Amino acid sequence: MEPISRINLPRVDSTNHFIRDMLSFGDELKGMTLVVAEEQTAGRGQQGNSWESEPGRNLTFSLLCHPTFLKASEQFLLSQCIALAIEKCLREALTDSGKPELVERLSIKWPNDIYIGDQKISGTLIECDLQGKTISNCIIGTGLNVNQMVFHSDAPNPVSLRQLTGREHDREGILSSLIAHFRAYYERAEDGEDEAIRQEYMQRLYRREGFHRFADVRGDFLAEIADIEPTGHLLLRFENGNVCRYEFKEVRFCQES
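This text gives an overview of the structure that appears in the document. Note that this is a predicted model, so its numbers are computed, not measured. (Residues numbered from 1 in each chain as written. Predicted model: local features only at pLDDT ≥ 70, side-chain atom pairs only at ≥ 80, totals over all residues. Heavy atoms only, no water.)

### Overview of the pattern of salt bridges
Step number 1: Scanning the model with the defined rule gives 17 salt bridges in all.
Step number 2: Arg6 serves as the salt-bridge partner of Glu172, at 2.6 Å between the closest nitrogen and oxygen. With a gap of 166 residues between them, Glu172 in helix α5 (residues 171-190) and Arg6 in strand β1 (residues 4-9) connect regions that are remote in the sequence.
Step number 3: Residues Glu224 and Arg237 are paired through a salt bridge, measuring 3.0 Å at the closest nitrogen-oxygen approach. Separated by 13 residues along the polypeptide, Glu224 in strand β9 (residues 219-228) and Arg237 in strand β10 (residues 234-238) bring together distant segments of the chain.
Step number 4: Here the salt bridges share partners, and the residues they tie into one network are Arg57, Arg162 and Glu168. (Salt bridge = Lys/Arg side-chain N within 4 Å of Asp/Glu carboxyl O. Helix = DSSP H or I, 4+ residues; strand = E, 2+ residues; numbered from the N terminus.)

### Digging into the packing of helix α2 (residues 76-96) against helix α6 (residues 194-203)
Step number 1: Across the interface, α2 lies against α6 with an axial gap of 10 Å and an inter-helix angle of 50 degrees. With respect to their mutual orientation, α2 and α6 come out oblique. As for the relative orientation of α2 and α6, their crossing is left-handed in sense. Residues Phe76, Leu77, Gln80, Cys81, Ala83, Leu84 and Lys88 of α2 form the contact with α6, whose participating residues are Asp194, Ile197, Arg198, Glu200 and Tyr201.
Step number 2: Residue composition of the contact of α2 with α6, grouped by class: seven nonpolar, one polar and four charged. (Axes fitted to C-alpha atoms, helices over the stretch in contact; angles between N-to-C directions. Parallel < 35°, antiparallel > 145°, perpendicular 65-115°, else oblique. Left-handed = near helix turned anticlockwise from the far one by under 90°. Contact = heavy atoms within 4.5 Å. Nonpolar A, V, L, I, M, F, W, Y, C, P; charged D, E, K, R; others polar.)

### Some thoughts on the sheet that holds strand β2 (residues 32-37)
What links the strands of a sheet is backbone hydrogen bonding, and the strands pair in either a parallel or an antiparallel sense.
Step number 1: Spatially, the seven strands line up as an open sheet ordered β1-β2-β3-β7-β6-β5-β4, and their pairing is mixed. The outermost strands of the open sheet, each flanked by one partner alone, are β1 and β4 (106-109). For this sheet, the mean angle separating the axes of adjacent strands, direction not counted, is 20 degrees.
Step number 2: Examined bridge by bridge, β2 and strand β3 (residues 59-65) share five bridges and lie antiparallel to one another. Paired with Val36 across the strands is Phe61, a residue of β3.
Step number 3: Of the strands in this sheet, β4, β5 (113-116), β6 (119-131) and β7 (134-144) are in contact with α2, which crosses β6 at around 150 degrees. (Pairing = 2+ DSSP bridges.)

### Observations regarding the nonpolar core
Step number 1: Ile121, Leu144, Phe182, Tyr201 and Leu236 are the most contacted members of the largest nonpolar core, which totals 62 residues.
Step number 2: The element best represented in this core is α2, accounting for 13 residues.
Step number 3: Look past the residues within four positions of Tyr201 in its chain and what remains in contact with it is Phe76, Gln80, Ala83, Leu84, Ile108, Trp110, Pro111 and Ile228.
Step number 4: In this structure, Leu9, Val12, Ile19 and Leu29 belong to the second largest nonpolar core, which totals nine residues. (Core = buried A, V, L, I, M, F, W, Y, C linked by side-chain atoms within 4.5 Å. Buried < 20%, exposed > 50% of the residue type's maximum accessible area, 1.4 Å probe, protein only.)

### Some remarks on the environment of Arg213
Step number 1: Within the element layout of this structure, Arg213 appears in strand β8 (residues 212-216).
Step number 2: Put simply, Arg213 and Glu256 are 43 residues apart on the chain and 7.2 Å apart in space, counted from C-alpha to C-alpha.
Step number 3: With residues near it in sequence (within four places) discarded, Arg213 still touches Arg207, Asp220, Phe221, Leu222, Phe253, Cys254 and Glu256.

This is the structure in structure tokens:
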């Protein structure tokens, strides 16, 4: 298991950018490096979206690892590992808060957002560097809504742990749990447990059963999730039985009333 070092920042534009700058300046970052920011002024989500986070209320961090045991085509496994780690950490937090009914509503929205019901509580942006056919560096940037009570952006469905449970949560305890779970999944990935991790991911998937509304360049349509390939491609089955394969950004989930 890679050792882990930690850097705490009071304010930064983006924890992913911070690590990227360290790498570009030639800093030797062996093992895992965790960068945690109290305030992130230009946090990014998937598809270039911004991530709203009130200073000192949530978790905004990036984790650098060096999964040289993975081929470039296998990098989606890291997305599954962090999503499962966050989901498991939140299961524990909700259970400890006396909210078991919310645990059943937790899910992973492809590729790695974490939802409670139809509300988003966490998002992750992953950036990988390749060396030959393997991954040399992977930066995993995550935002997790913990204690924020009011969201001001035009994001349609944010929610925090405090909004759900009515109580303040220990951010440091949640972060420690999350990182511990990720390291456990990472070790399993290193040991070749790809299929077991994929199966667990599929069981936790948002809208994993039934037909739901999606949209692509052609417009809205009804489909069900047929599968997610090891490469991360989403397979959707239409009502007529045809199956279409999507890369991320080629399809989106539509809100349902």
